Amino acid sequence: CECRAGEIVQARRPAARIPERYRNCRLQNFKDLQNDSLKKAKAVAKRFVDHWPAVDAGLLITGPVGVGKTHLAVAILNELVDTKGASVLFCDFSDLLDRIQASFGRGSDESQDDIVEPYRDAELLVLDELGARRPSDWVREILYGLLNTRYNRRRLTILTTNFVDEPDARGGETLEARIGAPVRSRLWEMTQLVPISSEDFRRTHRARAFG
């Protein structure tokens, strides 16, 4: 019945671990008026939701800070929970690494496998801020292990990152430099690239608020 369906949706929302700041993110309130890249990104996200679960690849959403990458990724999660009853999960990659490091301490009730397993098997995972943590062999090992397991289990992943494949005019690091060649190679097969180019919404909003 509709009441039972509503209860299931309500239970799945907290299970998705979406941060409070992003729980009202929807495709309808994603601001796509500034340029074509925003409109195209929103169209890709809408197509992803409309076709679910008959979706062949995840999404790799790239672009500078403040252009709505996380909003768009979480909007997909919220739409799928509300309209398709999907089991989804949000993960800030830096937070995940912090939890794993904390598990190494004495008296920890969690092991690395306990922490990572829900992210390995989620029907759809949003992995936010890919490449935000300084690269190291350990970080790349955790990332590759997680993504490779999801690949083998045929689970879809949506990733957001501030890094792109070509160095910028200032010679900034590329995505491959941040996450390693094996991970970037895997993502070519696992995801559709969704580049966004726009102004920083946060800076523009604050300037207008105090202007």
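The structure displayed is predicted, hence computed values, not measured ones. (Residues numbered from 1 in each chain as written. Predicted model: local features only at pLDDT ≥ 70, side-chain atom pairs only at ≥ 80, totals over all residues. Heavy atoms only, no water.)

1. A few points about the overall build of the chain
Rules: Helix and strand definitions follow DSSP, with helices as H or I runs of at least four residues and strands as E runs of at least two, each counted in order from the N terminus. Accessibility here uses a 1.4 Å probe with only protein chains present; expressed as a share of the type maximum, an area under 20% marks a residue as buried, one over 50% as exposed, and anything in between as partly exposed. In what follows, residue pairs with any heavy atoms lying within 4.5 Å of each other are defined as contacts. All accessible-area figures derive from a Shrake-Rupley calculation using a 1.4 Å probe, and residue coverage is judged against the displayed protein chains alone.
When helices and strands are tallied, the chain shows 9 helices and 5 strands. A burial count over the chain gives 45% of its 211 residues as buried. Considering only contacts in the chain between residues 6 or more positions apart, those separated by 24 or more positions represent 79%. When the accessible surface of the chain is totalled, it reaches about 11,800 Å², and 48% of it is carbon and sulfur.

2. Let's talk about the packing of aromatic side chains
How two aromatic rings sit relative to each other is given by the distance of their centres and the angle of their planes. What counts is decided by this rule: Pairing of aromatic rings covers Phe, Tyr and Trp, the last through its six-membered ring, and needs centres within 6.5 Å; plane angles under 30 degrees mean stacked, over 60 mean edge-to-face, and all others mean tilted. In our convention, an over-ring charge means Lys NZ or Arg CZ found within 6 Å of a ring centre and within 35 degrees of that ring's normal.
Taken as a whole and assessed by the stated rule, the structure comprises 2 aromatic pairs. When the ring centre of Trp188 is taken as reference, the NZ or CZ atom of Arg184 above it lies at 3.8 Å. Just above the ring of Tyr151 sits the side chain of Arg186; from NZ or CZ to the centre is 4.0 Å.

3. Here we look at the packing of helix α5 (residues 112-121) against helix α6 (residues 137-152)
Packed helices, taken two at a time, are described by the angle between their axes plus the distance between the axes. What counts is decided by this rule: All axes are obtained by fitting lines to C-alpha atoms, using only the stretch in contact for helices, and the reported angles, taken between N-to-C directions, cover 0 to 180 degrees. Put simply, angles under 35 degrees are roughly parallel, angles over 145 are roughly antiparallel, angles from 65 to 115 are roughly perpendicular, and the rest are oblique. The handedness criterion is simple: a crossing whose near helix is rotated anticlockwise from the far helix by less than a right angle is left-handed, and one whose near helix is rotated clockwise is right-handed. Under the scheme applied here, ten amino acids are nonpolar (Ala, Val, Leu, Ile, Met, Phe, Trp, Tyr, Cys and Pro), four are charged (Asp, Glu, Lys and Arg), and all others, including Gly, are polar.
The geometry of α5 relative to α6 is characterised by a closest axis approach of 9 Å and an angle of 40° between their N-to-C directions. Compared by their axis directions, α5 and α6 come out oblique. In this structure, the crossing between α5 and α6 has a hand that is right-handed. Each of Gln112, Val116, Tyr119, Arg120 and Asp121 in α5 lies in contact with α6, whose residues at this interface are Ile142, Leu146, Thr149 and Arg150. Residue composition of the contact of α5 with α6, grouped by class: 4 nonpolar, 2 polar and 3 charged.

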